[in-house]
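# Tertiary structure, described
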Amino acid sequence: MTGNRPRTAREAAALALFAMQEDGAWSDGALHQQLAAAALSGRDAALASRLVYGTVQNEMLLDWYLRHFSSVRLKKIAPRVRACLRMGLYQLIWMDKVPAHAAVDETVALVRRYGRVDSRAVSFANAVLRHAADAAQQSELPVLDCPDKESYYALRYSHPEWLVRLWSAQFGQKLAGQLCAADNADTPVSVRVNLTKTTVEAARAALEGAGIAAQAHPAFEDILLCMGGDVAATAAFQAGEITVQDAASALAAAVADPKPGDTVLDCCAAPGGKSFAMAGRMQGRGSVTACDIYEHKLKRIQEGAVRLGLTNIRTALQDAAAPREEGVGTADVVLCDVPCSGLGIIRKKPEIRYKDPAELENLPALQAKILQNCARYVKPGGTLVYSTCTILQRENEDVVRAFLAANPDFAPAPWEHKVCGAREDGMVTLLPPVHQTDGFFIAKMRKKHA
């Protein structure tokens with residue numbers, strides 16, 4: 001990776017894209033690093049962010065266009081040149097307010113500076129982009145010719161076809177298309193108001209005073225949906241009056257419903273949002289033990305608890321799949337937000353869609369092992385909540401139903417919420433285009449009294 005300090009929005013975006021393909025960096029982390037180094041204006045930082053996320057979200061379709069406009073096979077194009085061309089095409093095809101000459105000229109300049117190529121490659125990049133610019137300006141872009149809806153959604157929204165077909169089988173063709181579209185739409189940052197320190201109205205006023213548009217979530221009284229600016233840089237965040245947390249994650253904590261004085265175990269707690277939400281509901285009484293297998297993640301949870309003024313949280317280094325005999329039957333509430341494919345949060349981490357499906361095959365077995373182990377810590381009469389940030393049935397309902405079949409001392413626990421109505425079987429799959437939340441699964445169970 002280069003050590004250059006980016007001077008422009010496009011340069012910051014390009015360096016973030018290089019870090020992703022060369023170092024395996026996540027989009028949000030790579031972008032944050034480049035924005036911190038560049039010290040751009042708010043407007044330019046927003047442009048860099050849109051370029052990174054737009055390019056990653058539309059990578060498959062951009063490559064399809066690139067094959068159309070290029071005389072060179074995709075695999076023969078140097079990786080950095082290919083990344084720059086994708087970003088240039090994104091501007092030409094999706095960003096109407098960007099002048100075509102600026103998109104072309106500045107992309108070619110990036111190829112010249114960072115492409116590690118000779119002058120022929122620079123001329124090639126210039127020719128490809130000018131060809132695409134002409135087609136876009138004359139409304140002559142190639143038509144997406146696909147044999148069926150699933151393959152169209154896969155190409156149009158840059159989702160792997162195996163995933164689109166899986167969603168289509170699970171949710172129906174129409175909703176599968178809506179899920180793909182939602183993954184590529186602008187996504188607000190969801191914040192939960194810390195009601196132990198402030199009110200929703202005061203938090204909203206503080207955010208808007210910092211230049212951030214904040215709207216109340218239609219189904220969650222303490223959630224604000226924010227657009228524009230860096231929420232974590234506001235005085236309200238630093239003072240612990242708000243914390244970044246999606247409404248779906250907050251719902252998992254609400255479904256767990258710990259009471260003041262309870263003993264709560266959050267088995268896979270990082271980054272800590274659900275632990276924070278449960279501790280807040282407990283009014284400082286009782287205890288929440290937040291577990292993770294990484295020390296640095298536990299440190300972040302500790303720092304978050306201090307910022308939010310939560311005194312009833314402690315952390316523990318613990319593998320959720322490893323038995324801990326001293327914990328058996330000690331918790332009123334156990335929450336298992338297990339490792340998963342993450343396919344419900346593509347709209348926030350767009351590169352997740354490109355995971356190798358073979359890497360996901362063993363997840364249900366691990367999830368079942370964690371759930372089985374952590375269920376041992378629930379007291380008779382206590383609550384067990386299983387959650388994931390995926391929407392695949394094989395990681396969600398299938399795991400819970402198999403667990404209930406093998407453990408007759410547990411039963412589904414009905415609950416209801418404004419966002420999804422009554423859940424008699426204790427389970428819900430939340431979907432971005434339906435519930436205005438991340439894609440998420442929650443199942444609530446109760447351990448029977450002996």
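Analysis parameters
Residues numbered from 1 in each chain as written. Predicted model: local features only at pLDDT ≥ 70, side-chain atom pairs only at ≥ 80, totals over all residues. Heavy atoms only, no water. Buried < 20%, exposed > 50% of the residue type's maximum accessible area, 1.4 Å probe, protein only. Helix = DSSP H or I, 4+ residues; strand = E, 2+ residues; numbered from the N terminus. Salt bridge = Lys/Arg side-chain N within 4 Å of Asp/Glu carboxyl O. Phe/Tyr/Trp six-rings, centres within 6.5 Å; stacked < 30°, edge-to-face > 60°. Core = buried A, V, L, I, M, F, W, Y, C linked by side-chain atoms within 4.5 Å. Contact = heavy atoms within 4.5 Å. Pairing = 2+ DSSP bridges. Axes fitted to C-alpha atoms, helices over the stretch in contact; angles between N-to-C directions.

### Brief notes about helix α14 (residues 273-281)
Burial analysis of α14 places seven of its nine residues in the buried class, which makes it a mostly covered element. Listed in full, the buried residues belonging to α14 are G273, K274, S275, F276, A277, M278 and A279. Q283, located one to two residues past α14, shows a positive phi value of around 55 degrees.

### Some remarks on the pattern of salt bridges
Here the structure, examined in full by the defined rule, presents 20 salt bridges. One salt bridge connects K379 with D332, and the closest N-O pair in it is separated by 3.4 Å. Separated by 47 residues along the polypeptide, K379 in strand β9 (residues 378-388) and D332 in strand β8 (residues 331-337) bring together distant segments of the chain. Residues joined by salt bridges that share partners form a network here, namely D148, E150, E161 and R165.

### Brief notes about unusual backbone geometry
Of note, the bond from A270 into P271 is cis; its omega dihedral lies within 30 degrees of zero at 5 degrees. When you line up the elements, P271 lands in the loop between β5 (263-266) and α14. For D257, which is not glycine, the phi torsion reads 55 degrees and is therefore positive. Structurally, D257 is set in the loop between α13 (247-256) and β5. The class for D257 is partly exposed, based on a relative accessible area of 29%.

### Notes on the packing of aromatic side chains
For the structure shown, the criterion picks out seven aromatic pairs. Residues Y65 and W94 carry aromatic rings whose centres are separated by 6.5 Å and whose planes lie at 75 degrees to one another, so their mutual orientation is edge-to-face. With Y65 in helix α4 (residues 59-69) and W94 in helix α5 (residues 79-94), this residue pair connects regions lying 29 residues apart in the sequence. Considering the side-chain rings of Y386 and F441, the 6.2 Å spacing of their centres and the 70 degrees angle between planes classify their relative orientation as edge-to-face. Of the two residues, Y386 sits in strand β9 while F441 sits in strand β14 (residues 440-447), which places them 55 residues apart along the sequence. What makes Y386 buried here is its relative accessible area of 0%.

### Some words on the nonpolar core
Counting residues in hydrophobic clusters, the biggest one holds 58 residues, and the most contacted among them are W167, L251, I313, L430 and I442. No other element matches the eight residues that α13 contributes to this core. The contacts of I313, once residues within four sequence positions are left out, are S275, F276, A279, V288, I301 and A305. Membership of the second largest hydrophobic core comes to 54 residues, among which are A9, A83, L85 and V122.

### Brief notes about the sheet that holds strand β4 (residues 242-244)
Strand order in the open sheet made by the four strands is β2-β3-β1-β4, with antiparallel pairing throughout. The open sheet has two edge strands with one neighbour each: β2 (213-217) and β4. With direction set aside, neighbouring strand axes in the sheet form an average angle of 35 degrees. In this sheet, strand β3 (residues 220-227) lies alongside β2 in antiparallel orientation, the contact comprising five bridges. Its bridge partner lying in β3, A213 is registered against M227. Across the face of the sheet, α13 comes into contact with β1 (189-193), β2 and β3 while running at roughly 160 degrees to β3.

Coordinates in, geometry out; function isn't part of it.
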